[in-house]
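Remarks on the overall topology
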Amino acid sequence: PLGITQDRLVGGIDLEATITQGKPVLQPGVLSAANGGILLVDNLPLVDSTTAATIGQSLDSGTVHCQREGFGQQFAARFTLLATALPSERPIPQSIADKIPFLIPQERRLPPEHLAGLLRLREACSASPQTIAQQYSNHQQRMAERVLNARACWSQIRVSDLALQELIEAAS
């Protein structure tokens, strides 16, 4: 949605339907069109703050409210956000940073076949969450065991001041 207008993002007046019906009719925007699917935002850090905030609000509420010419309508907008970014150039807007389940850094951009695989997996999970859960249950069990083992060892881990400083520098 780089450069997308608010009307296109949240919805606006459907002129043809308004003229035909003789009363104002709202049409949904991109956010509600993504309902039940995926919203792909390329170069997320370049999206303006208003657009980022609107996307973030829709992710929080699962809806988008379109208010035009004195009347409004709420549309469903439950979607998964898939975004690309070049984090070294510009930070991701705070209003949306913690809501991104899939962020693809462009320095390590996924090949199209891998991206297609992620999208197919997401669709398969939407269609049959139980099937996907069964396919990944062994992996989850192994991961849970690793987490429990790591927690048991946590009290024995000692981090030097130098290592701590390097971690802080790498994170900032």
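Please refer to the structure higher up on the page.
These numbers come from a predicted model, not from an experiment.

Here the focus is the overall build of the protein. Each helix and strand in the protein was counted, giving eight helices and seven strands. At 21 Å, the protein has a C-alpha radius of gyration far larger than the 16 Å of a compact globule built from 172 residues. Referenced to the eigenvectors of the C-alpha coordinate spread, the extents of the protein come out at roughly 75 × 40 × 30 Å. Expressed as a percentage of contacts within the protein between residues at least 6 apart in sequence, the contacts between residues at least 24 apart total 55%. Summing over all exposed atoms, the protein offers an accessible surface of approximately 11600 Å²; the carbon and sulfur share of this is 55%. Charged side chains in the protein number 14 positive and 16 negative. The centres of these two groups are separated by 7 Å.

Next up on the list: a nonpolar patch on the surface. A contiguous nonpolar patch, built from Trp154, Ile157, Val159, Leu164, Leu167 and Ile168 and spanning about 640 Å² of accessible area, is present on the exposed surface. Residue Ile168 is classed as partly exposed on the basis of its relative accessible area, which comes to 48%.

Counting 24 residues, the largest nonpolar core has Leu31, Leu39, Leu44 and Ile55 as its most contacted members. Elements that contribute at least two residues to this core include exactly α1 (6-10), α3 (30-33), β3 (38-41), α4 (49-61), β4 (63-68) and β6 (80-85). At three residues, the largest contribution of residues to this core is made by β6. Apart from residues no more than four positions distant in its own chain, Leu44 is found in contact with Ala83, Thr84, Ile92, Pro93, Ile96 and Ile100.

Another point: unusual backbone geometry. In this structure, Asn43 is a non-glycine residue whose phi angle is positive, near 55°. Summarising the element assignment, Asn43 is placed in the loop between β3 and α4.

Time to look at α4. Its 13 residues place the ends of α4 18 Å apart at the C-alpha level, agreeing with the 18 Å of an ideal helix rising 1.5 Å per residue. Within the sequence span of α4, burial applies to Thr51, Ala52, Thr54, Ile55, Gly56 and Ser58. Where α4 is buried, its residues touch α1, α3, β3, β4, β6 and α5 (94-97). The N-capping residue of α4, defined by a side-chain oxygen 3.1 Å from the backbone nitrogen of Thr50, is Asp48.

Moving on to the environment of Leu82. Structurally, the position occupied by Leu82 is in strand β6. Separated by 22 residues in the primary sequence, Leu82 and Ile104 have C-alpha atoms spaced 7.9 Å apart.

What counts and what doesn't
Residues numbered from 1 in each chain as written. Predicted model: local features only at pLDDT ≥ 70, side-chain atom pairs only at ≥ 80, totals over all residues. Heavy atoms only, no water. Helix = DSSP H or I, 4+ residues; strand = E, 2+ residues; numbered from the N terminus. Rg over C-alpha atoms; globule rule 2.2 N^0.38 Å. Contact = heavy atoms within 4.5 Å. Areas by Shrake-Rupley, 256 points an atom, 1.4 Å probe, with all protein chains shown as cover. Lys, Arg positive; Asp, Glu negative; His and termini not counted. Charge placed at Lys NZ, Arg CZ, Asp CG, Glu CD. Patch = residues over 30% accessible without salt bridge, like charges linked within 9 Å, V, L, I, M, F, W, Y side chains within 5 Å. Salt bridge = Lys/Arg side-chain N within 4 Å of Asp/Glu carboxyl O. Buried < 20%, exposed > 50% of the residue type's maximum accessible area, 1.4 Å probe, protein only. Core = buried A, V, L, I, M, F, W, Y, C linked by side-chain atoms within 4.5 Å. Expected span 1.5 Å × (residues − 1). Polar contact = N/O pair within 3.5 Å; in protein donor to acceptor, adjacent residues only side chain to side chain.

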